[in-house]
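Here are the chains, one letter per residue:
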Amino acid sequence: MTEMEYTKLGSTGLEVSRLCLGCMNFGSDQPWMMNDEEASLELIDRALEMGINFLDTANVYSRGESEEIVGKAIEERNRDELVVATKVFGNMGDYPNGQGLSRKHVLDQAEASLDRLGTDYIDLYQIHRWDETTPIEETLSALDHLVETGKVRYVGASTMAAWQFTKALYESDSRDYERFTCMQPEYNLVDRHEEQNVLPVCESEGVGVIPWSPLAGGFLTGKYDRDEEVTEGRAAEDEHTEARFTNENWAVLAEVRAIAEEKGVTPAQVSLSWLLHKPVVDSPIVGPRTIDHLEENVESIDVSLTDEEIERLESPKSPVWSREIANI
Ligand SMILES: NC(=O)c1ccc[n+]([C@@H]2O[C@H](COP(=O)([O-])OP(=O)(O)OC[C@H]3O[C@@H](n4cnc5c(N)ncnc54)[C@H](OP(=O)(O)O)[C@@H]3O)[C@@H](O)[C@H]2O)c1
């Protein structure tokens, strides 16, 4: 059985497993989610049993349902052994201050997340996106307050322009507020735009990186074929996954499949291993929907790639960043 590995998150002293368990599938908001609390709890149990200590959820995942399921899963556990991450920003209600990063919404949602998670503190509290309508100093001051009062241990961010993230780091340094220690970008073999945006900032600032959609929503598992109609899998119901069916991406997948066959492993394992070989990456956030997916994904830790194989995997694409590509 694969032995879990651990790493420090960025330049913090916090130890996290080399794979983080994404909890977005635990809920019923979308047809492609698990929509099965018992199976979700079993999957979380198995992940913890395999040595994963790091869980990523968000207040908006099925409007609180994912956090509640995580809360049930950790209820009887030793809280000290777990690193629980959640997020704030998205719409939690159609009323003024029902979303965004105002001091009010951040503080209200931190309390609501603590309730749903059934815990006294959040290990990593992340801003899900940049809020164009709230000064970043206001958000930083609210996050700083949460750290000062012990409700949050570390603060992180997700998916924004490099200039915005750099500005946030500068503002926290100059005002002596808690600094973002972690960035959560979309990053996988077919979505490499962040190499031209936020990843160089993370590298030079010692910010931890925890990539989301590390298997491109399932595309990189090789479950889809170029000329076949999609009848099952997330792509059948999720346009974001289907949008990855481009000529360039099929060329990447062809290399993934060839290398997987040469090594006697699966395309998902090669794809996750590629991320694990990137020095800037701490812990990809895997989103298994079944225990079989989870076990297959965890085994990627045992797969090693040569420089030549990494070159082959990267050669079909030249990453470019734009707001449109990043979907922000
Ligand atoms: N910060 C953000 O804005 C943001 C955005 C998205 C996600 N996230 C985080 O990142 C986590 C992971 O994202 P993701 O769900 O998009 O990750 P992903 O790993 O790229 O895709 C997960 C999907 O791929 C399929 N899959 C996974 N492992 C498989 C395997 N071994 N074999 C076959 N199919 C497999 C499953 O879909 P099917 O079986 O249904 O095909 C699963 O639902 C989320 O849970 C969340 O915590 C954050």
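Below or above, wherever it landed, is the structure these notes cover. (Residues numbered from 1 in each chain as written. Predicted model: local features only at pLDDT ≥ 70, side-chain atom pairs only at ≥ 80, totals over all residues.)

A word on helix α5 (residues 162-175)
The condition is simple: Counting from the N terminus, the helices are DSSP H or I runs at least four residues long and the strands are E runs at least two residues long. In this analysis, the expected span of each helix is defined as 1.5 Å times one less than the number of residues it contains. Exposure is read from a count of other C-beta atoms within 10 Å of each residue's own; the residue is exposed at 12 or fewer, buried at 20 or more and partly exposed in between. C-beta atoms are placed from the backbone. It is the directions from the helix axis to the C-beta atoms that the arc portrays.
Under the 1.5 Å per step criterion, the end-to-end length of α5 is 20 Å for 14 residues, consistent within 8% with the ideal 20 Å. Buried within α5 are the following residues: Phe 165, Ala 168 and Ser 172. One side of α5 carries all its buried residues, which in axial view fall inside an arc of 55°. For α5, exposure combined with an orientation more than 90 degrees from the buried face picks out Trp 163, Tyr 170, Asp 173 and Ser 174.

Comments concerning the nonpolar core
Threshold: What makes a nonpolar core is a set of buried Ala, Val, Leu, Ile, Met, Phe, Trp, Tyr and Cys residues, with links drawn between C-beta atoms within 7 Å. Any two residues are considered in contact once their C-beta atoms, placed from the backbone, lie within 7 Å.
Ranked by size, the top nonpolar core spans 86 residues in total, and within it Leu 21, Tyr 125, Leu 143, Cys 182, Met 183, Leu 220 and Val 256 carry the most contacts. Top contributing element to this core by residue count: helix α9 (residues 267-276), with 6 residues. The contacts of Leu 143, once residues within four sequence positions are left out, are Val 106, Tyr 125, Val 152, Val 155 and Glu 178.

A few points about the sheet that holds strand β4 (residues 54-56)
Under the convention used in this document: The pairing criterion is simple: DSSP has to find at least two bridges between the two strands. Angular values range over 0 to 180 degrees, each being the angle between N-to-C directions of two axes fitted as lines to C-alpha atoms, with helices fitted over their stretch in contact.
Across the sheet, which stays open at both edges, the 8 strands sit in the order β9-β8-β7-β6-β5-β4-β3-β10 with parallel pairing between neighbours. Bordering the open sheet on either side are β9 (208-209) and β10 (285-286), each of which pairs with just one other strand. Two strands pair when backbone bridges link them, and strand β3 (residues 20-22) and β4 are joined in this way by 2 bridges, in the parallel orientation. For Gly 22, the partnering residue across the bridge sits in β4 and is Asp 56. Helix α4 (residues 136-148) rests against β6 (122-127) and β7 (152-158) of the sheet, and its axis sits at about 150° to β7.

Here's the deal with the pairing of β7
Extensive coverage of β7 is indicated by the burial of 6 of its 7 residues. Taken together, the 5 bridges between β6 and β7 define a ladder with parallel strand orientation. From the neighbouring strand, Ile 122 faces β7, where its bridge partner is Val 152. One ladder, built from 4 bridges, connects β7 with strand β8 (residues 180-184); its direction is parallel.

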